[in-house]
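# Structural features, examined
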Amino acid sequence: MENKLVECVPNFSEGRDEARVRAIADAISAIPGAVLLDLEMDPDHHRSVITFVAPPDAAVEAALAGAAKAVELIDLNAHRGAHPRIGALDVLPFVPLAGVGMEDCVQLAERAAAELWKRLRIPCYLYEAAAKRPERVQLENIRRGQFEALREEMGRNPERDPDVGEPVLHPTAGATVVGARKFLIAYNILLRTPDVEIARQIARAVRFSSGGYRYVKAMGVELASRGMAQVSMNLTDFESTPVHRVFETVKREAERYGVSVAGSEIVGLVPKKALEMAAEYYLQIEN
């Protein structure tokens, strides 16, 4: 019988205090069956991304354990970073890995959202394959205006009310977006310029919502600690819009502004095939 495995990639609004992020990761890995694969922190984004795998039931419990520790350690009222956020545990996606399908992950997302409200009083929005409303399939629609806007609008504007729980933000941990999705590649390209407006113009050129590639979400971000701007992207279907095509396009767009690419980074894990496709493209390997 095939083992059932789910990948879970919670994003937390803390990227500067390593002890806090480690405590959250330890809470996750303390759940039997949960195996931590990766932990990424970024001080400019003020965000961390933890990747773990687990059987379905354990994946939900591990995510809730991480959420409980985040509630204990993170106060969004004092949080400022380059990355948009609405919660201490900001995003919680479940990804089918082995022996489970997307519909199974939708059910896990719904269960996790219900438990986040029941145990921690964190209201939840459902996105991607778990979305209950078409406009909430896209994460950026839910996160518009961030924690501060939600604090003003939730309970007053029905369009901003959560899918799970009462329309009351947790006073320090905000809300959480929970969902089910395919593999996503978080991919950032660094530019040799501190001018964030150039990064924003390039992001506009490559992202789908403003006429770019179908499976690209992008924004321009200032990395104050490095004196650089960054095109920060999510690639939601790397087989249809591969990493190398996005890299070459960003590089070409940057050249229009007299700017070169300083390098790129992958946040979290990627399917091996994505890197093999890039190798084939750049090395022009035959057969």
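Now for a quick tour of the structure. (Residues numbered from 1 in each chain as written. Predicted model: local features only at pLDDT ≥ 70, side-chain atom pairs only at ≥ 80, totals over all residues. Heavy atoms only, no water.)

### Observations regarding the pairing of strand 5 (residues 89-98)
The following threshold applies: We call a residue buried when its accessible area falls under 20% of the maximum for its residue type, exposed when it is over 50%, and partly exposed in between, using a 1.4 Å probe and counting protein chains only. Per the convention used, a helix needs a DSSP run of H or I reaching at least four residues, while a strand needs a run of E reaching at least two, with both numbered from the N terminus. We treat two strands as partners when DSSP finds at least two bridges between them.
Counting buried positions along strand 5 gives eight out of ten residues, so the element sits mostly inside the fold. As defined by bridge partners, strand 1 (residues 5-8) adjoins strand 5 across four bridges and the pair is classed as antiparallel. From the neighbouring strand, cysteine 8 faces strand 5, where its bridge partner is phenylalanine 94. Examined bridge by bridge, strand 2 (residues 11-12) and strand 5 share two bridges and lie antiparallel to one another.

### Section: a nonpolar patch on the surface
The condition is simple: Think of a patch as exposed residues, more than 30% relative accessible area, with no salt bridge, where like charges cluster within 9 Å and nonpolar side chains (Val, Leu, Ile, Met, Phe, Trp, Tyr) cluster within 5 Å. For accessible areas, the Shrake-Rupley method is used with a probe of radius 1.4 Å. Any residue's cover is judged against the shown protein chains and nothing else. A pair is scored as a salt bridge if a Lys or Arg side-chain nitrogen falls within 4 Å of a carboxyl oxygen belonging to Asp or Glu.
Taken together, the side chains of Tyr281, Tyr282, Leu283 and Ile285 make up a nonpolar region of the molecular surface, amounting to roughly 430 Å² of accessible area. Along the polypeptide, tyrosine 282 turns up in helix 8 (residues 272-283).

### A word on helix 7 (residues 243-256)
Rules: To estimate how far a helix should reach, multiply one less than its number of residues by 1.5 Å. The contact definition used throughout considers only heavy atoms, calling two residues in contact when any of these lie within 4.5 Å.
Over its 14 residues, helix 7 runs 21 Å from end to end, which matches the ideal 20 Å to within 8%, given 1.5 Å per residue. The inward-facing, buried residues of helix 7 abut strand 8 (185-191), helix 6 (196-206), strand 9 (216-223), strand 10 (228-235), strand 11 (261-267) and helix 8. Just downstream of helix 7, glycine 258 is the residue with a positive phi angle, here 70°.

### Re the packing of helix 7 against helix 8
The condition is simple: Inter-axis angles, ranging from 0 to 180 degrees, are taken between N-to-C directions of lines fitted to C-alpha atoms, where helices are fitted over the stretch in contact. Oblique is the label for any angle not covered by the other classes, which are roughly parallel (under 35 degrees), roughly antiparallel (over 145) and roughly perpendicular (65 to 115). Under the scheme applied here, ten amino acids are nonpolar (Ala, Val, Leu, Ile, Met, Phe, Trp, Tyr, Cys and Pro), four are charged (Asp, Glu, Lys and Arg), and all others, including Gly, are polar.
One way to put it is that helix 7 packs onto helix 8 with a least axis distance of 8 Å and a crossing angle of 55°. With respect to helix 8, the axis of helix 7 lies oblique. Each of His244, Phe247 and Glu248 in helix 7 lies in contact with helix 8, whose residues at this interface are Met277, Ala278, Tyr281 and Tyr282. Per-class residue counts for the contact of helix 7 with helix 8 are five nonpolar, one polar and one charged.

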